[in-house]
Protein chains: 2
Amino acid sequence: MNSFVIKGDIVFCPYKRQLVAIEDGYVVVRDGIIELPYTELPETAKDLPVHDYTGKLVMPGMVDLHIHAPQYAYRGLGADMELLDWLKHYAFKEEAKYSDLSYAEKAYTIFADALRKSASTRAVVFGTIHREATELLMDKLEKSGIVSLVGKVNMDRNSPDTLCETTESSFRETERFLHKTADRYKNTKPILTPRFVPSCTDELLLRLGWLSEQNDIPVQSHLSENPGEIAWVRELCPDSRFYGEVYDKAGLFGNNANTVMAHCVWSSDEEIALMKERGVYIAHCPASNMNVSSGIAPIRRYLDEGLRVGLGSDIAGGQSESLFTAMVEAMQLSRLYWRHIDPTKKPLSFPEALYMATKGGGAFFGKAGSFERDYEFDAIVIDDSTLPHPQSLTVAQRAERAVWLGADKTGLIAKYVRGTKII
Amino acid sequence: MNSFVIKGDIVFCPYKRQLVAIEDGYVVVRDGIIELPYTELPETAKDLPVHDYTGKLVMPGMVDLHIHAPQYAYRGLGADMELLDWLKHYAFKEEAKYSDLSYAEKAYTIFADALRKSASTRAVVFGTIHREATELLMDKLEKSGIVSLVGKVNMDRNSPDTLCETTESSFRETERFLHKTADRYKNTKPILTPRFVPSCTDELLLRLGWLSEQNDIPVQSHLSENPGEIAWVRELCPDSRFYGEVYDKAGLFGNNANTVMAHCVWSSDEEIALMKERGVYIAHCPASNMNVSSGIAPIRRYLDEGLRVGLGSDIAGGQSESLFTAMVEAMQLSRLYWRHIDPTKKPLSFPEALYMATKGGGAFFGKAGSFERDYEFDAIVIDDSTLPHPQSLTVAQRAERAVWLGADKTGLIAKYVRGTKII
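Residues numbered from 1 in each chain as written. Chains lettered and ligands numbered in written order. Predicted model: local features only at pLDDT ≥ 70, side-chain atom pairs only at ≥ 80, totals over all residues. Heavy atoms only, no water.

Participant: So what about the overall build of chain A? Which residues, and what values?
Facilitator: For chain A, the count of helices and strands is 14 helices and 17 strands. Radius of gyration (C-alpha) of chain A: 21 Å, near the 22 Å computed for a compact globule of 423 residues. In terms of its C-alpha atoms, chain A occupies a principal-axis envelope of roughly 60 × 50 × 40 Å. Accessible area for chain A stands at about 14,100 Å²; split by element, carbon and sulfur atoms hold 49% of it. Here chain A holds 48 positive side-chain charges and 58 negative ones, and the gap between their average locations is 2 Å. (Helix = DSSP H or I, 4+ residues; strand = E, 2+ residues; numbered from the N terminus. Rg over C-alpha atoms; globule rule 2.2 N^0.38 Å. Areas by Shrake-Rupley, 256 points an atom, 1.4 Å probe, with all protein chains shown as cover. Lys, Arg positive; Asp, Glu negative; His and termini not counted. Charge placed at Lys NZ, Arg CZ, Asp CG, Glu CD.)

In structure tokens, the structure reads:
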């Protein structure tokens, strides 16, 4: 059922500096897995049905490495504070509402529907501390058809009463969460989600690290986003040399399982070296770098030094779930970084942005985010004819333009996840 | 015919720090001119037809102070160079095509249609050096229903052969352009448009200044966008103390007529003082600040020091004609400015962004961009129900959210210009 040939103008990035564009090309998919992209339909695939998107752009599905489901409700509001105040005044107040399952039902229906309609085929998702609401979120994401890793958040200190667990209950609820969700869905899996160091005691982090090791469960958290946050971590954890070391000591920094850290705007040399050593993924969230005034993350450095980088929408630090938007913002911020911060750091190219949004983040899920042999077939089909132009353009130009002009909002006509068409 | 009452959720900014939001309010319009906004329908207006947009957002039309019509063709492409190289490799090559009226016809049809469908009701527009193509552009803009000031561009040095005039022909063609277009349209008027100092000799500038004075024709150009550009101007014009003084000496800096200068990213204290003295309008183009790596303009300073600031899309330095997008980018860049450049410069608020996009730029046209007594009625109606949310929001929150989430692309259901409904 999931064996077919896709025909269209094929665009993908197998390497960060290489964009492959095949006009009138084919991707052969067998049981949801890619055989290869071709310029001509191979004889061996002539028995397969053809999904004909001639003249349309076929690109890998986008991978959102960092998105807060409960914050979707207030995206586009409240970008008038720095991180710590913003958390207190907006995020925590909204997240407290998810103790009420009827509110969660309403809000997560909207969220899952938005994600389904977006260009993203995979996402790494924060829930709230509420186990039941987070399971409800997972039900909805599974129904949406996209692939996701979803976390029940842990917070056992420096949090409002409405959003603070005891260490014991946070751990127990997480255990229960893993137990209930680890094998419940095909496309939706749990991920350990300590919110960030300021809201998690050392003991809680250690116990989560143990859970990760015992069950091989991946980890997501925040790292070095804001100078005020970093100073606070220094106070809270005087025995650690840098922020990331706190996670590392607990076994939550790629030492036990796949780990993604959002932001890394102000990481020190030591922290960067350890992320590289541990293979920690960085979720670059350019909108959020701006909206909560954190500053621009040094992505050129991360890419050049061989760290693993993907993109995140960071709803609601970012206002849009569109990874097309995140790509544009990543390119734009890299230009400002070059201009205002470090002229030795060359701006990001379009292939680099597309690589991060697809294969870069996709690697967190395994073989996802590219049209290469043995990759799972996640794809979006974009009709860019809704963006008229007077001159002829190459396929590569059309892809670049579709991203810059937000064609995911106006021209997303099909979406495949693991070989299944969900739009 | 243009007398009616608009009913809806009314939002506008009479002052840069004040947002007025009237739930279920009314704006009374007589002969295209605003009487007043009201919370209740006044007795005296009960004879007028009501345009009922209950539950929808009614905001002033956006004013785009800087947009290049011929560059619309390649927006979303080529954001990989700094200004001067970008002009040579992309802008000039595209603009040369407009000597061919059949190409201009095709491209300007797309452009005018896009502007008509956008949230902008007024625009200050660059054409190319080609008089006939620019007149064709004006025909199309007049038909679109929006109000615009359109310039035939002047370039008589440092330009490719395909896009370089002699001083004499540049002047003569401009004279002819003014003669033909000054009284030809209701909503479309000419504006003098020396491209920028590097492409205009002193003599040409002087003669354009004379035309401006003689005919009271407004002026648009570029100013202090990029450090390389400024250094070049210093070489070309060693007798001027700063870039803006070159225009000033020619009578093109607000000394004879309304003048708008795009960018002003790197203006010196002296230049800023002179802009203030002359009442020069600044077109802040945040997307372009990023895309051609120019850097972030110091808009907080301009606003606090009382300079006149509006927003520009700067197609194709900017990729989108949406002033909603420009507002978001202006707020975002002000946060990075605070973080990376000057922590004494407070980030822009939503009312400030909306003010710049409406009344700030609208003042260039007279009484436009606000719902105040005697203002021309330019308005957009936004249906934000396409952006579902689980909680209740105030009208002011809905307006802020509609802008951040780009509801001009998804929910623009009506548009009025000078009291005439054009969408």
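Participant: Lay out the sheet that holds strand S11 (residues 219-223) of chain B in plain terms, naming residues and giving numbers.
Facilitator: All names here are of chain B. In space, the four strands of this open sheet follow the order S11-S12-S13-S14, with parallel pairing throughout. Of all strands in the sheet, those bounded by a partner on one side alone are S11 and strand S14 (308-311). Put simply, the sheet's adjacent strands are angled 30° from each other on average, direction ignored. Two elements, strand S13 (residues 281-284) and S14, share four bridges in a ladder whose sense is parallel. Bridge pairing links Tyr 281 to Arg 308 in S14. Along the sheet, helix H12 (residues 350-362) contacts S13 and S14; its crossing angle with S14, the most-contacted strand, is approximately 105°. (Pairing = 2+ DSSP bridges. Axes fitted to C-alpha atoms, helices over the stretch in contact; angles between N-to-C directions. Contact = heavy atoms within 4.5 Å.)

Participant: Summarise the relation of the copies chain A and chain B; cite the residues concerned and give the values.
Facilitator: With an axial shift of 0.0 Å and an RMSD of 0.0 Å, the rotation relating chain A to chain B amounts to 180°. The two molecules are tied by a two-fold rotation axis, judged by turn and shift. Taking the C-alpha atom as reference, chain A places His 340 of chain A closest to the rotation axis, 3.8 Å from it. Most of the interface of chain A is mirrored in chain B, where 98% of its interface residues again form contacts. (Least-squares fit on C-alpha atoms with pLDDT ≥ 70 in both.)

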